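# Coordinate inspection notes
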Amino acid sequence: MKTKLLATVAALTLFAFAGPSYADEAAAQKWINDEFQPSSLSKEDQLKEMQWFIEAAKPFQGMEINALSEGIPTHTYESTVLTKAFEEITGIKVNHQILGEGEVVQAVQTQMQTNRNLYDIYVNDSDLIGTHSRLQQSVNLTDFMAGEGKDVTNPGLDLADFIGTQFTTGPDGKLYQLPDQQFANLYWFRKDWFDRPDLQEKFKAKYGYDLGVPVNWSAYEDIAQFFTEDVKEIDGVKIYGHMDYGKRAPDLGWRMTDAWLSMAGAGSAGEPNGIPIDEWGIRMEKGSCNPQGASVSRGGETNGPASVYAIAKWDEWLRKYAPPGAADYDFYQSLPALASGNVAQQIFWYTAFTASMVAPKDKGNNTVDADGNPLWRMAPSPHGVYYKEGQKVGYQDVGSWTILKSVPTDRAKAAWLYAQFAVSKTVDVKKSQVGLTFIRDSTARHESFTERAPKLGGLVEFYRSKDRVRWSPTGINVPDYPKLAQLWWQQIGDVNSGAFTPQQAMDRLASEMDQIMGRMQAADEANKTYGGCGPRLNAEKDPSEWLGKADGPKAKIENEKEQGVTIAYDEIIKQWTQ
């Protein structure tokens, strides 16, 4: 009897220890079968990867961590689906909150300034790489993965498979952020309208060249004018040749810092960002980590002729060719307006919204046909008259997992596990099928996307091409993104309201940027706030000593209306798929 009782106790004890592990593995198997298909891994390898997470997470079971990101479909999927899967598989609960992008940046800035642990991990744009690498307040992931975070670093993470790690690497060669989602700003147009023989004939008769994807801003402007003033109406619906937004809000600043100036031709040649002048107009010499100024008088280009031309065209097109009310739209309002189906083209459109633009017709999307095929396509954005070959061609957002040093080590480790789970090969193909924001080469090339490509308007072709890294985020010339980014929307919003001319607004913006960088310089010189890599402003000179000089801001072009040039869409696809 005693022997039998001891055997029963032993069996119950074994079950007690085996139970949670078994339950975790069962949960993993359930999620693999029911949710995480397709995958770049076999189901067997998916389970092996999840078994690693189960083991690595054991010291943190029962912990509750907090994550923050902006609101796009990818992060909605993470916050509603992946957090549940992660908790069931690892026993770690994640409160993944979603706020507007401006609020995310503000939270990051507040946590860095106060050292209070507001969130354990952020999906923070790689636009802040210049800030993180200088302030040294975010965890250096390269050292973390090799050191105190080695026990919680997935051996199957495969950093070489990520598309955008060059954008999240500091000047010191260290990785500070892990890409979680990527989207580029590409040209968007109604291919069904552009393909109509009657419209092609009318356009060529008026402008002397073919209606197609615009290569330069002059062609974009001609097409905007053509659809707004000549075509006017299609299928009984009033149409417009351009879409944008202009509300005086933080979103407007992103519209401009997201390479609007360099698309116009401001900045120097060089990828991923111009050297010495980047797409913000900030000057920093090659090999240096010390920004030298934004104003033309200091060798920058924020208020140079190319930048002023960029803002003038934004304002002019918004007034003349966009739907009524567009000037009062913000970033989030402009998308549903585009989906209403009354716009011919948008000069740059974030591919993060591809998922919404392929929604079925019965969901209010008038840019797909009855079978769900897109009536639109995406292509490279056109460039302005100041653009020179070798310059940055466009912007790419790389939202990346970022851990600040104010996070206690155990919480940082648990958060790091969640971040890796969210980008794991087990999960990534399915997550990308939902959000369409590719971060892995293996995902972009997965057979499920080969099958789906015809319904995604060029997205898959783009992310399989070499061009996918020619579109780049804000770079290391920007010494403190939160401090400087907030200046943009306020000054440019004053152009939209009519309070200031484009030149006046950009003069004010450049001056304010220099003032703030001057304060950064003083702090860095006094106590190495920016690790010795803070600004070192050039002395002011007469602008004529800089304008038009080698590696200087571009001089004024008297005739800013060049001949329009277009390219056939099929030729772009051919280039992307070679």
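Residues numbered from 1 in each chain as written. Predicted model: local features only at pLDDT ≥ 70, side-chain atom pairs only at ≥ 80, totals over all residues. Heavy atoms only, no water.

### As for the overall build of the chain
How we decide: Working definition: helices are DSSP H or I runs of at least four residues, strands are E runs of at least two. Numbering for both runs from the N terminus. Only protein chains enter the accessibility calculation, which uses a 1.4 Å probe; a residue whose area is less than 20% of its type maximum is buried, one above 50% is exposed, and one in between is partly exposed. In this description, contact between two residues means that some pair of their heavy atoms is separated by no more than 4.5 Å. Here the open area of atoms and residues is found with the Shrake-Rupley method and a 1.4 Å probe, where only the protein chains shown may cover a residue.
When helices and strands are counted, the chain shows 22 helices and twelve strands. Each principal axis of the C-alpha atoms in the chain carries an extent, and together these give about 100 × 65 × 40 Å. Looking at the chain as a whole, 60% of its 578 residues qualify as buried. For the chain, contacts bridging at least 24 residues in sequence account for 76% of all contacts bridging at least 6. Accessible area for the chain stands at about 21,900 Å²; split by element, carbon and sulfur atoms hold 52% of it.

### Observations concerning unusual backbone geometry
Here the bond from Gln37 into Pro38 is cis, since omega is 0°, no more than 30 degrees from zero. Ile275 connects to Pro276 through a cis peptide bond whose omega is 5°. Positionally, Pro276 belongs in the loop between α11 (260–264) and α12 (305–321). A positive phi angle is found at Asp158, which is not glycine, with a value near 55°. The exposure class assigned to Asp158 is partly exposed, which follows from its relative accessible area of 32%. Phi is positive for Lys528, which is not a glycine, with a value near 55°. Looking at where Lys528 falls in the secondary structure, it is placed in the loop between α21 (502–527) and β12 (566–567).

### Examining the nonpolar core
The line we're drawing: Here the nonpolar core consists of buried residues drawn from Ala, Val, Leu, Ile, Met, Phe, Trp, Tyr and Cys, with membership extended through side-chain atoms lying within 4.5 Å.
In terms of nonpolar packing, the biggest core is built from 119 residues, with Phe227, Trp260 and Leu484 touching the most fellow members. With nine residues, the top contributor of residues to this core is α12. Filtering out sequence-adjacent residues up to four positions away, Phe227 remains in contact with Trp193, Phe194, Leu199, Leu211, Lys232, Ile239, Tyr240, Gly241 and Ala344. Among the nonpolar cores identified, the runner-up in size contains 50 residues, and Ala28, Ala67, Ala412 and Phe421 belong to it.

### Points about the confidence of the model for the chain
What counts, and what does not: How sure the predictor is of each residue is captured by pLDDT, a score from 0 to 100.
For the chain, the average pLDDT comes to 93, and 96% of its residues sit at 70 or higher. Residue range residues 1–22 is modelled with pLDDT below 50. Its contacts to residues more than four positions away, or to other chains, number zero contacts.

### Quick look at the pattern of salt bridges
Defined as follows: Put simply, a salt bridge is a Lys or Arg side-chain nitrogen that is within 4 Å of an Asp or Glu carboxyl oxygen.
Here the structure, examined in full by the defined rule, presents 35 salt bridges. Note that Lys58 and Glu55 form a salt bridge whose closest N and O atoms lie 3.1 Å from each other. Put simply, Lys483 and Asp480 hold a salt bridge, and the shortest N to O gap is 3.4 Å. Given the relative accessible area of 3%, Asp480 is considered buried.

### Considering the state of the cysteines
Heads up, the condition is: Cysteine sulfur atoms are paired as a disulfide whenever they come within 2.5 Å of each other.
All told, the structure shown has one disulfide when counted by the stated rule. Residue pairing for Cys289: its cysteine sulfur links by disulfide to Cys533, the two sulfurs lying 2.1 Å apart. Between Cys289 and Cys533, the disulfide has an S-S torsion of -80° and is therefore left-handed. Taken together, the positions of Cys289 in the loop between α11 and α12 and Cys533 in the loop between α21 and β12 put the pair 244 residues apart, joining distant regions of the chain.

### Focus on the pairing of strand β1 (residues 64–70)
So the rule is basically this: When DSSP finds two or more bridges between two strands, those strands count as paired. With strands facing away from the observer, any crossover in which the path from the first strand over the helix to the second runs clockwise is taken as right-handed.
Most of β1 is tucked away, with five of its seven residues classed as buried. Taken together, the seven bridges between β1 and strand β2 (residues 93–99) define a ladder with parallel strand orientation. Across the sheet, Ala67 pairs through a bridge with His96, a residue of β2. For the segment spanning β1, helix α3 (residues 73–90) and β2, crossover handedness is right-handed. As paired strands, β1 and strand β3 (residues 121–125) are joined by two bridges and run parallel to one another. Bridge assignment links Leu68 to a residue of β3, and that residue is Tyr122.

### Let's talk about the side chain of Gln182
What counts, and what does not: As used in this structure description, the phrase polar contact means that two N or O atoms lie within 3.5 Å; if the pair is within protein, one of them must be able to donate a hydrogen and the other to accept it, and residues adjacent in sequence are counted only when both atoms belong to side chains.
Position of Gln182 among the secondary structure elements: in strand β4 (residues 178–190). What makes Gln182 buried here is its relative accessible area of 0%. Polar side-chain contacts of Gln182 include one of 3.2 Å to the backbone nitrogen of Gly164. Separated by 2.9 Å, the side chains of Gln182 and Gln396 make a polar contact.

### Structural notes on the packing of helix α4 (residues 101–114) against helix α20 (residues 481–496)
So the rule is basically this: Here an axis means a line fitted to C-alpha atoms, over the contact stretch when the element is a helix, while the angle between two N-to-C directions is reported on a 0 to 180 degree scale. Any angle between 65 and 115 degrees counts as roughly perpendicular, while under 35 counts as roughly parallel, over 145 as roughly antiparallel, and the rest as oblique. Take the far helix as your reference; a near helix turned counterclockwise from it by less than a right angle gives a left-handed crossing, and one turned clockwise gives a right-handed crossing. As a working rule, the residues Ala, Val, Leu, Ile, Met, Phe, Trp, Tyr, Cys and Pro are called nonpolar, Asp, Glu, Lys and Arg charged, and the rest polar, with Gly in that last group.
Contact pair α4 / α20: the axes reach a minimum separation of 10 Å and the direction vectors enclose 140°. Taken as axis vectors, α4 and α20 run oblique relative to one another. For the pair α4 and α20, the sense of crossing is left-handed. Where α4 approaches α20, its residues Val105, Gln109 and Gln113 are matched on the opposing element by Tyr481, Pro482 and Lys483. Class assignment for the residues of the contact of α4 with α20 results in three nonpolar, two polar and one charged.

### Section: the pairing of strand β8 (residues 345–350)
Counting buried positions along β8 gives six out of six residues, so the element sits mostly inside the fold. Alignment of β4 against β8, held across four bridges, turns out to be antiparallel. When the bridges of β8 are listed, Asn185 appears paired with Tyr350.

### Digging into the packing of aromatic side chains
Applicable threshold: The rule is short: rings of Phe, Tyr and Trp, with Trp giving its six-membered ring, pair when the centres are within 6.5 Å, and they are stacked under 30 degrees, edge-to-face over 60, tilted in between. Here, over-ring charges are defined by two tests on the NZ atom of lysine or the CZ atom of arginine: distance to the ring centre within 6 Å, and angle to the ring normal within 35 degrees.
Scanning the model with the defined rule gives 43 aromatic pairs in all. When the centroid spacing of 4.8 Å and the interplanar angle of 80° are considered together, the rings of Phe438 and Phe449 count as edge-to-face. Taken as a pair, Phe438 in the loop between α16 (425–435) and α17 (441–444) and Phe449 in helix α18 (residues 447–452) lie far apart in primary sequence, eleven residues in all. No difference in accessibility class separates Phe438 from Phe449, as the two residues are buried. One residue, Lys30, lies across the ring of Trp31, its end atom 5.6 Å from the ring centre. When the ring centre of Phe500 is taken as reference, the NZ or CZ atom of Arg508 above it lies at 4.1 Å.

### Structural notes on the packing of α12 against α20
Contact pair α12 / α20: the axes reach a minimum separation of 10 Å and the direction vectors enclose 45°. Classified by the angle their axes make, α12 and α20 are oblique. Between α12 and α20 the crossing geometry is right-handed. On α20, the residues touching Ile311, Trp314, Asp315, Leu318 and Arg319 of α12 are Ile492, Val495 and Asn496. A class-by-class count of the residues in the contact of α12 with α20 yields five nonpolar, one polar and two charged.

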